[in-house]
Amino acid sequence: MVILGIILLVIGFVAKIAILWTIGIILVVIGAILFLLGSLGHAVFGRRHYW
């Protein structure tokens, strides 16, 4: 999810498409939170790891 967010950020920045930039930021933040919770050992939505 983090990688997809970064790709969308780059495409949105290069192509000057604001919606891709916004979606990319949201995906990076959600992916980072899920990765952090998974690495700390907390099960989120029934899954222990998100990577």
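As shown above, the structure is provided for reference.
Residues numbered from 1 in each chain as written. Predicted model: local features only at pLDDT ≥ 70, side-chain atom pairs only at ≥ 80, totals over all residues. Heavy atoms only, no water.

Novice: Got a minute to help me understand the overall build of the protein in this structure?
Specialist: Along its length, the protein carries two helices and zero strands. Taken across its 51 residues, the protein has 22% of its residues classed as buried. Sequence separation of 24 or more characterises 19% of the internal contacts of the protein that already satisfy a separation of 6 or more. In the structure as shown, the protein presents an accessible area of about 3900 Å², 80% of it carried by carbon and sulfur atoms. (Helix = DSSP H or I, 4+ residues; strand = E, 2+ residues; numbered from the N terminus. Buried < 20%, exposed > 50% of the residue type's maximum accessible area, 1.4 Å probe, protein only. Contact = heavy atoms within 4.5 Å. Areas by Shrake-Rupley, 256 points an atom, 1.4 Å probe, with all protein chains shown as cover.)

Novice: Please clarify how the packing of aromatic side chains should be interpreted in this entry.
Specialist: Where two aromatic rings form a pair, the distance of their centres and the angle of their planes describe that pair. Enumeration over the complete set of coordinates arrives at one aromatic pair. Taking the centre distance of 6.0 Å and the plane angle of 40 degrees together, the rings of phenylalanine 13 and tryptophan 21 count as tilted. Of note, lysine 16 hangs over the ring of phenylalanine 13, and the distance from its end group to the ring centre comes to 5.0 Å. (Phe/Tyr/Trp six-rings, centres within 6.5 Å; stacked < 30°, edge-to-face > 60°. Lys NZ or Arg CZ within 6 Å of the ring centre and 35° of its normal.)

Novice: What am I meant to see in unusual backbone geometry here?
Specialist: Leave glycine aside and you will find that most residues have negative phi; peptide bonds, for their part, are mostly trans. Positioned with a positive phi, lysine 16 is a non-glycine residue whose angle comes to about 60 degrees. You can see lysine 16 is positioned in the loop between helix 1 (2–15) and helix 2 (18–39).

Novice: What should I look at first to understand helix 2 in this one?
Specialist: Along an α-helix, a turn takes 3.6 residues, which lines up residues three or four apart on a common side. Taking 1.5 Å of rise per residue, the 22 residues of helix 2 would be expected to cover 32 Å, and the 31 Å separating its terminal C-alpha atoms lies within 8% of that figure. All of the buried residues in helix 2 are Gly24, Leu27, Gly31, Leu34 and Gly38. Down the axis of helix 2, the buried set is contained in an arc of 105 degrees. They therefore lie on one face. Packing partners of the buried residues in helix 2 comprise helix 1. (Expected span 1.5 Å × (residues − 1). Arc of directions from axis to C-beta.)

Novice: Please clarify how a nonpolar patch on the surface should be interpreted in this entry.
Specialist: Taken together, Ile6, Val10, Phe13, Val14, Trp21, Ile25, Val29 and Ile33 make up a surface patch of nonpolar side chains, about 750 Å² in accessible area. Broken down by secondary-structure element, the contributors of at least two residues to the nonpolar patch are helix 1 and helix 2. Relative to the elements of secondary structure, valine 14 occurs in helix 1. What makes valine 14 exposed here is its relative accessible area of 63%. (Patch = residues over 30% accessible without salt bridge, like charges linked within 9 Å, V, L, I, M, F, W, Y side chains within 5 Å. Salt bridge = Lys/Arg side-chain N within 4 Å of Asp/Glu carboxyl O.)

Honestly, that's just the spatial picture; any functional story needs more than this.
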